[in-house]
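Working through the structure, step by step
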Amino acid sequence: MTPRLAAVPRSGSVAIRGGTVVDSNGSRRADVLVGDGRIIAVDAADDASDVTADRVLDASGCLVAPGLVDLHVHLRQPGREDAETIETGARGAALGGFTAVVAMPNTTPTIDCAAVVREVQDLSDGACCDVYPSAAITLGRRGEELAPMAEMARLGVRMFTDDGAGVQSSRVMRRALEYASGLDHLAGGAAVVLAQHCEVEELSEGGCMHEGEWSSRLGLGGQPAEAEELMVMRDIALARLTGSRVHFQHLSTAGSVAMVRAAKQAGLPVTAEATTHHFTLTDSCCADYDTVFKVHPPLRTEADVAAIRAGLSDGTIDAIATDHAPHTSADKEKPFDSAPPGMLGLETALALALTELDLPAEQILALMSWRPAAIAGIDDRHGRPVAPGEPANLCVIDPAAEWTVSGEDMASPSRNTPYEGRRLKGRVRHTLLDAAPVVIDGEAQR
Amino acid sequence: MNGGHKPRRHLLSITDLDAADIERICNLTESFAEVSRRRIPRVPALRGKTVVWLFYEDSTRTRLSFEAAAKQLSADTVNFSVGSSSVNKGESLRDTVETIEAMGIDAIVVRHSCAGVPHRVADWIDASVINAGDGCHEHPTQALLDLYTARARLGDLHGARVAIVGDVAHSRVARSDVLAFTAMGAEVTLVGPRPLLPASLEGWPVTVSHDLDSVLGEIDVCYLLRMQLEREAGGHVPSLREFRAEYGLDAARADRLRDGALIMHPGPINRGVEIDGDVVERPNVVITEQVANGVAVRMAVLFLLLGSGMDLTESEKMAA
């Protein structure tokens, strides 16, 4: 019999009372007591009024889940601290329910050597969530020479990507996949994964939105869906050739989803993510030339959105990522062709998934917590079952709370949310990192 | 009097206008063409109004035409031409236009190499915004002067057949012309090689042909687009020589046009590419008329947007 929570009072303990626990084992009504970084007890008693702890967080009507994991964020530090810092980005992440994010390496300087990995790790100390730097596959993300992947894997880097660009050369990508497959012993047993931004630049060059009806009408250069699909196709072939894992970042087209589905059926070691904006917005959003809707890969058609949703539903797509990409207003107020691509995502992702996807909460949490945690090789700390002894990285979600998106209210110094003014259902109430409440009642505590 | 028309603040796209608006602009243009022919071609219709030229892209013809139009309406003009070389690409467009507006102006005429810039400017300021060409998107005053010129020669354009020939994909003139001509009831055919046609024509009220020779005998207007010479380097066509052979209007092709069919071009022409030098001199080539009508059309547009809804006769009475 599990001990009553009241029986384990501890200094610095927090009781999460009245919620429904949801994790990879399903859902059940339970109170959760955490302290010293870990889950102390999970108590299924209906009458939890005698729970005592130093602090009690109300979770009535809420889901108590493992903290969310975002495989794809741009925290802009080092280099563009005017748009975002690790501190503000991690705060936004925690407000969005994330306890872990994977930071992309397209900073200035690029995360392509041990020194910059260490800098990002140092800057992440004390942040509102765990920040795992990914690192570039090639030096300077130029697609030419391999970055010192072993050196960075030794520091804990698990994911390598040239995100913002795909590795254009098939030869370089093949070598990278082969090389990475021999690095697992450096990563503490977790598998190293190469993540690809799929875009054949010869086809996408000059394009600033999806090529199709809207780009033709608006007179803006287009990127055809095939620019993405050709690289998805190539990298599936390279996964077959090398036997190495490939993770496909931000899939945006129906064709890409179909190819990944077929590759998985063929037993190839591929995984994929899709962003919230690629299942909620289409290229018609660009009709007024508002650069907040400029993003890479671009917003696609309704048919593509439907395919992404189907892929999320049937498991073809393993994870929902944000591709959180802050940009200053000055940058976004440039003309459409020269404004930088990207949108904020951390604080809206969960609510968009809950509001827009016709999926049970447990499946959405799988897509946003334990499955991405496994892909990133951080499932020793994140996406764990809610059980005694596990790391207390948790989020408490009120699925019924309605709210209106406002860029002004977000933690980021940037304001480029494409959902300004949209009503969403589902909001993060509390977030705990190593048993410490970093968000209480929707307010960041750090 | 507003004559029952909705007041318009901006001209960003031909889609901002309905058929009645276009009709009204054509009628106003006729009155202003008469003003232009006077010994002192000037009316006080826009006295006290200030119009700014914000040209991020080089333009001689369009700017001079707007300038002449504003002067004939007695508006004050300020030139804020920014050669692409002198503009710091990092500068926020918004800062620039807000600075200009703070100077107290009534309209900004914008040209930019990127589609949509006039739309963004219109979101940020209260003054009227006129699109003088945005990237590969639209050039509405060009389409209005094309329409006016064609009507002056052909009369009602209902059922008229217009072929727009050449590099449609990269042409702002083509996008505006398709909208303007079809709004007035004409039937438009786009003619060109596939790489020079838009990637998608979904929603475009046009037909498409890759064979100029097959349409020549059936059209009332042969509208030739300027071929950007860099398209050859970009691999859109194998060579300018081959483009000319397939789509250039040489004498033999011009001979096959119906009597009275017009040959139009937005200028400046590439002689020997989209049109042969000897064809340019034919009487059914109305390129010079297009330029001449441009001033009166732009007077009509400026007057419609800035004239406080008064009609022309009223303004003339005021002046008397």
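Residues numbered from 1 in each chain as written. Chains lettered and ligands numbered in written order. Predicted model: local features only at pLDDT ≥ 70, side-chain atom pairs only at ≥ 80, totals over all residues. Heavy atoms only, no water.

**Brief notes about the overall build of chain B**
Broken down by element type, chain B carries 13 helices and nine strands. Relative to a compact globule of 320 residues, whose C-alpha radius of gyration would be 20 Å, chain B shows 20 Å and is just as compact. Residue pairs in contact within chain B that sit at least 24 positions apart in sequence constitute 75% of those at least 6 positions apart. In the form shown here, chain B has an accessible surface area of approximately 13100 Å², with 49% of it arising from carbon and sulfur atoms. Charged side chains in chain B number 34 positive and 44 negative. The centres of these two groups are separated by 3 Å. (Helix = DSSP H or I, 4+ residues; strand = E, 2+ residues; numbered from the N terminus. Rg over C-alpha atoms; globule rule 2.2 N^0.38 Å. Contact = heavy atoms within 4.5 Å. Areas by Shrake-Rupley, 256 points an atom, 1.4 Å probe, with all protein chains shown as cover. Lys, Arg positive; Asp, Glu negative; His and termini not counted. Charge placed at Lys NZ, Arg CZ, Asp CG, Glu CD.)

**Structural notes on the packing of aromatic side chains**
Residues and elements named next belong to chain B. Counted under the stated rule, the structure contains three aromatic pairs over all chains. Geometrically, the ring pair formed by Phe32 and Phe303 is edge-to-face, given 5.7 Å between the ring centres and 65 degrees between the ring planes. Here Phe32, found in helix H1 (residues 19-36), pairs with Phe303, found in helix H12 (residues 287-306); they are 271 residues apart in sequence, far enough to count as distant. As far as burial versus exposure is concerned, Phe32 and Phe303 are alike and both buried. Measuring from centroid to centroid gives 5.9 Å for Trp53 and Phe66, while their planes differ by 45 degrees, and the two rings are tilted. Of this pair, Trp53 sits in strand E1 (residues 50-55) while Phe66 sits in helix H2 (residues 61-72), and the two are 13 residues apart along the sequence. (Phe/Tyr/Trp six-rings, centres within 6.5 Å; stacked < 30°, edge-to-face > 60°. Buried < 20%, exposed > 50% of the residue type's maximum accessible area, 1.4 Å probe, protein only.)

**Some thoughts on the packing of helix H5 (residues 140-154) of chain B against helix H6 (residues 172-183) of chain B**
All names here are of chain B. Look at H5 against H6: their axes get within 8 Å of each other, and the N-to-C directions meet at 50 degrees. Judged by the inter-axis angle, H5 sits oblique to H6. In terms of crossing hand, the pair formed by H5 and H6 is right-handed. Touching Pro140, Gln142, Ala143, Asp146, Leu147 and Ala150 of H5 are Val173, Ser176, Asp177, Ala180 and Phe181, all from H6. (Axes fitted to C-alpha atoms, helices over the stretch in contact; angles between N-to-C directions. Parallel < 35°, antiparallel > 145°, perpendicular 65-115°, else oblique. Left-handed = near helix turned anticlockwise from the far one by under 90°.)

**Brief notes about the pairing of strand E4 (residues 31-35) of chain A**
Regular strands have side chains that alternate between both faces of the sheet. Residue and element names in this part refer to chain A. Burial within E4 is extensive, with five of its five residues counted as buried. Here E4 shows a buried face lined by Asp31, Leu33 and Gly35 and a second buried face lined by Val32 and Val34. Here strand E1 (residues 14-17) runs beside E4; their pairing, made up of three bridges, is antiparallel. Counterpart to Val14 in the pairing with E4 is Val34. Where E4 folds back on strand E5 (residues 38-43), the antiparallel hairpin that results is connected by two residues, among which Asp36 adopts a positive phi of roughly 50 degrees. (Pairing = 2+ DSSP bridges.)

**A few points about the nonpolar core**
Counting residues in hydrophobic clusters, the biggest one holds 84 residues, and the most contacted among them are A:Val101, A:Phe160, A:Leu194, A:Phe248 and A:Met368. For this core, the leading source of residues is helix H12 (residues 361-376) of chain A, giving six residues. A domain-level breakdown of this core finds at least three residues from each of domain 1 (5-64 + 388-400 + 422-444) and domain 2 (67-376) of chain A. Look past the residues within four positions of A:Phe248 in its chain and what remains in contact with it is A:Gln196, A:Cys198, A:Val232, A:Asp235, A:Ile236, A:Val260, A:Val270, A:Thr271, A:Ala272 and A:Glu273. Counting 65 residues, the second-largest nonpolar core is a separate cluster that includes B:Leu17, B:Ala45, B:Leu46 and B:Leu262. (Core = buried A, V, L, I, M, F, W, Y, C linked by side-chain atoms within 4.5 Å. Domains from an automatic or database assignment.)

**Observations regarding the pattern of salt bridges**
All names here are of chain A. As enumerated under the stated definition, the model contains 39 salt bridges over all chains in all. The closest approach of N and O atoms between Arg381 and Asp130, which form a salt bridge, is 2.7 Å. Placement of Arg381 in the loop between H12 and strand E18 (394-404) and of Asp130 in strand E10 (residues 130-133) is noted, with a sequence separation of 251 residues between them. Looking at Arg381, the relative accessible area reads 24%, which means it is partly exposed. With a relative accessible area of 15%, Asp130 lands in the buried category. (Salt bridge = Lys/Arg side-chain N within 4 Å of Asp/Glu carboxyl O.)

**Quick word on unusual backbone geometry**
Leaving glycine aside, a negative phi is the common case for residues, and trans is the common case for peptide bonds. Here the amide bond leading from A:His296 into A:Pro297 is cis, since omega sits at -10 degrees, within 30 degrees of zero. With respect to the helices and strands, A:Pro297 occurs in the loop between strand E16 (270-275) and helix H9 (302-314). With omega at -10 degrees, the peptide bond leading from B:Gly267 into B:Pro268 counts as cis. For A:Tyr289, which is not glycine, the phi dihedral falls at a positive 65 degrees. In this fold, A:Tyr289 is placed in the loop between E16 and H9.

**Quick word on the interface of chain A and chain B**
Taken together, the contacts link 18 residues of chain A with 23 residues of chain B. Remark: the boundary between chain A and chain B carries two salt bridges. Here A:Asp290 ties to B:Arg120 by a salt bridge, and the two come within 3.6 Å at their closest N and O atoms. Summed over the shared surface of chain A and chain B, the number is six residue pairs in polar contact (both at pLDDT 80 or more). Here the side of chain A that touches chain B takes four residues from helix H6 (residues 213-218) of chain A, the largest share from any one element. Broken down by class, the residue content of the side of chain A that touches chain B amounts to six nonpolar, four polar and eight charged. (Polar contact = N/O pair within 3.5 Å; in protein donor to acceptor, adjacent residues only side chain to side chain. Nonpolar A, V, L, I, M, F, W, Y, C, P; charged D, E, K, R; others polar.)

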